[in-house]
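Commentary on secondary and tertiary structure
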Amino acid sequence: PPFEAYWATCFSSNFEVAWTGGPFSLFTTTSVPPGLTFDPMTGAFDGTPTVPGTYTPNVEAFNECGNAASVGLTFYILDGCSGGSSSSSSSGGGY
């Protein structure tokens, strides 16, 4: 499922990869929505989005043997007030 977050509202996610080649020790991403950061050790996206729009980063997870799993994500950064903070999690299954 896609992530939804509101512009100027705190966002946090836990990205989990379900794959028999885990556990994963390193994550990479092609891009991050403006205002968010990506932690390559945990695969977490955190921060406060600053620009509404649709963003589609790809995330790769690597295990200690160098095997990789990849998944495309979609972030919808909505223009408006949510009244709170957003938090999501996603699993990349079968990779």
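Right, let's walk through the structure included here. (Residues numbered from 1 in each chain as written. Predicted model: local features only at pLDDT ≥ 70, side-chain atom pairs only at ≥ 80, totals over all residues. Heavy atoms only, no water.)

**Re the overall build of the protein**
Counting its regular elements, the protein contains 0 helices and 10 strands. Shown N-terminal to C-terminal, the secondary structure of the protein runs as helices and strands in the order β-β-β-β-β-β-β-β-β-β. Taken across its 95 residues, the protein has 32% of its residues classed as buried. If you take every contact in the protein between residues at least 6 apart in sequence, the share linking residues at least 24 apart comes to 64%. Of the roughly 5100 Å² of accessible surface on the protein, a fraction of 53% belongs to carbon and sulfur atoms. (Helix = DSSP H or I, 4+ residues; strand = E, 2+ residues; numbered from the N terminus. Buried < 20%, exposed > 50% of the residue type's maximum accessible area, 1.4 Å probe, protein only. Contact = heavy atoms within 4.5 Å. Areas by Shrake-Rupley, 256 points an atom, 1.4 Å probe, with all protein chains shown as cover.)

**Examining the sheet that holds strand β8 (residues 68-72)**
Two strands in a sheet stick together by hydrogen bonds in their backbones, pointing the same way (parallel) or opposite ways (antiparallel). Read across the open sheet, the 3 strands follow the order β3-β7-β8; overall the sheet is antiparallel. Of all the strands in the sheet, just β3 (24-29) and β8 have a single pairing partner and so form its edges. Mean inter-strand twist for the sheet, computed between neighbouring axes without regard to direction, equals 20°. Strand direction decides the pairing type here: strand β7 (residues 58-63) and β8, joined by 5 bridges, are antiparallel. Of the residues in β8, the one forming a bridge with Glu60 is Ser70. (Pairing = 2+ DSSP bridges. Axes fitted to C-alpha atoms, helices over the stretch in contact; angles between N-to-C directions.)

**Describing the side chain of Asn63**
Along the chain, Asn63 falls in strand β7. Judged by its relative accessible area of 8%, Asn63 is buried. Here Cys65 takes part through its backbone nitrogen, which lies 3.0 Å from a polar atom of the side chain of Asn63. (Polar contact = N/O pair within 3.5 Å; in protein donor to acceptor, adjacent residues only side chain to side chain.)

The analysis is restricted to geometry; functional conclusions fall outside its scope.
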